[in-house]
Amino acid sequence: MFTFRRADRSKYQGGSNIQNVGNSSQQAAVLFPGQAIALFGQPDQFTDDYEDIFSMVVSAEREGCEPVYLEIYQGPSGPAIGGDCHSIEANAAAKELAQLLLAAKPADYDWEGDYADIPVHIKMGVKNGVPYHEDDMAENFDPEDLM
């Protein structure tokens, strides 16, 4: 069993996606930032890029072991936890952290930004515990442009 705490970003040595969080649904993506905020406070960064919505670093500690540093983020692959994917300890901590995040009641937040690959402007967040998601597609967008 790990104890998770907010950590200084400089402690995180980088890594890659260890685990996606949630069921890949739009609702899971909307809830995730609020769940992370509820547990650990405001992220280190919030951007207006849908492929890089937010990021924060936490430590995972258990008795007798060195702390493991993980990144909670929402990027191109959606809600995720990153770190040293070759570390058994980091993988175990990420799995436990994912369950903790999914069980958290989301904090209210508002996010607005763009998904540049499909020119769409998105507004999403949680208000009074209720998730919302709105998007506006660019008027001149042609789906054939993606092929």
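See the structure shown above.
As the structure is a computational prediction, the values presented were derived from the model and not from experiment.

Caption draft 1: Broad picture of the packing of helix 1 (residues 26-40) against helix 2 (residues 88-103). Across the interface, helix 1 lies against helix 2 with an axial gap of 8 Å and an inter-helix angle of 100°. Taken together, helix 1 and helix 2 sit at an angle that is classed as roughly perpendicular. Of the residues in helix 2, those touching helix 1 at Phe32, Gln35, Ala36, Leu39 and Phe40 are Leu97, Leu100, Leu101 and Leu102. Here the residues of the contact of helix 1 with helix 2 are counted per class, giving eight nonpolar, one polar and no charged.

Caption draft 2: Seen up close, unusual backbone geometry. A positive phi angle is found at serine 24, which is not glycine, with a value near 70°. With respect to the secondary-structure elements, serine 24 resides in the loop between strand 2 (16-20) and helix 1. Here serine 24 falls in the exposed class, since its relative accessible area comes to 75%. Unusually for a residue other than glycine, asparagine 128 sits at a positive phi of about 50°. Structurally, the position occupied by asparagine 128 is in the loop between strand 8 (120-127) and strand 9 (130-137). Residue class for asparagine 128 comes out exposed when judged on its relative accessible area of 72%.

Caption draft 3: Representation of the pattern of salt bridges within the structure. Applying the stated criterion across every chain yields a total of six salt bridges. Among the salt bridges present, the one from arginine 9 reaches aspartate 44, with a minimum N-O distance of 2.8 Å. Of this pair, arginine 9 sits in the loop between strand 1 (3-6) and strand 2 while aspartate 44 sits in the loop between helix 1 and strand 3 (45-46), and the two are 35 residues apart along the sequence. Residues joined by salt bridges that share partners form a network here, namely Arg6, Arg9, Asp44 and Glu71.

Caption draft 4: Structural view of a negative patch on the surface. A surface patch of like charges, here negative, comprises Asp48, Asp49, Glu112, Asp114 and Asp117. Here aspartate 117 shows up in the loop between strand 7 (109-115) and strand 8.

Caption draft 5: Region of interest: the sheet that holds strand 7. With respect to topology, three strands assemble into an open sheet ordered 7-8-9, the strand pairing being antiparallel. At either end of the open sheet lies a strand with only one pairing partner, and these are strand 7 and strand 9. Between one strand axis and the next, the sheet turns through 10° on average, direction left out of account. As defined by bridge partners, strand 8 adjoins strand 9 across eight bridges and the pair is classed as antiparallel. Residue pairing for strand 9: lysine 123 is matched across the bridge by glutamate 134. Of the strands in this sheet, strand 7, strand 8 and strand 9 are in contact with helix 1, which crosses strand 9 at around 125°.

Caption draft 6: Broad picture of the packing of aromatic side chains. Scanning the entire structure with this criterion turns up six aromatic pairs. Ring geometry for phenylalanine 2 versus phenylalanine 4: centroids 6.0 Å apart, planes at 35°, classification tilted. As far as the burial class goes, phenylalanine 2 and phenylalanine 4 line up, both buried. Seen in terms of ring centroids, phenylalanine 32 and phenylalanine 54 are 5.7 Å apart; in terms of plane orientation they differ by 50°. Their pairing is tilted. You can see phenylalanine 32 sitting in helix 1 and its partner phenylalanine 54 sitting in strand 4 (residues 54-61), a full 22 residues away along the chain. For phenylalanine 54, a relative accessible area of 0% corresponds to the buried category. Pairwise contacts between aromatic rings join Phe32, Phe46, Phe54 and Tyr109 into one cluster.

Rules and cut-offs
Residue indices begin from 1 for each chain and proceed along its sequence in written order. A pLDDT threshold of at least 70 governs which residues receive local features in this predicted model, and a stricter bar of 80 or more applies before side-chain atom pairs are shown or counted, although totals over entire chains, interfaces and linings include all residues. Working from all heavy atoms in the structure, the side-chain values ignore hydrogens and water. Axes here refer to lines fitted to C-alpha atoms; in helices the fit is confined to the stretch in contact. Angles between the N-to-C directions go from 0 to 180 degrees. Helix numbers and strand numbers start at the N terminus; a helix is a DSSP run of H or I with at least 4 residues, a strand a run of E with at least 2. With respect to orientation, any angle under 35 degrees is reported as roughly parallel, any angle over 145 as roughly antiparallel, any angle of 65 to 115 as roughly perpendicular, and every other angle as oblique. When checking whether two residues touch, look at their non-hydrogen atoms; a contact exists if any pair is within 4.5 Å. Lys, Arg, Asp and Glu make up the charged group, whereas Ala, Val, Leu, Ile, Met, Phe, Trp, Tyr, Cys and Pro make up the nonpolar group; the residues left over, Gly among them, are polar. Each residue is placed in one exposure class: buried if its accessible area under a 1.4 Å probe, protein chains only, is under 20% of its type's maximum, exposed if it is over 50%, and partly exposed if it falls in between. Each reported salt bridge corresponds to a side-chain nitrogen of Lys or Arg within 4 Å of a carboxyl oxygen of Asp or Glu. Patch building starts from residues that exceed 30% relative accessible area and form no salt bridge, then joins like charges within 9 Å and nonpolar side chains (Val, Leu, Ile, Met, Phe, Trp, Tyr) within 5 Å. Here the accessible surface of atoms and residues is derived via Shrake-Rupley with a 1.4 Å probe, and residues count as covered only by protein chains that are part of the display. In this count, Lys and Arg are taken as positive residues and Asp and Glu as negative ones, while His and the chain termini are left out. To locate a charge, take NZ of a lysine, CZ of an arginine, CG of an aspartate or CD of a glutamate. Here, any two strands with at least 2 DSSP bridges between them count as paired. Each aromatic pair joins two rings of Phe, Tyr and Trp (for Trp, the six-membered one) with centres within 6.5 Å, and gets the label stacked for planes under 30 degrees apart, edge-to-face for over 60, and tilted for any other angle.

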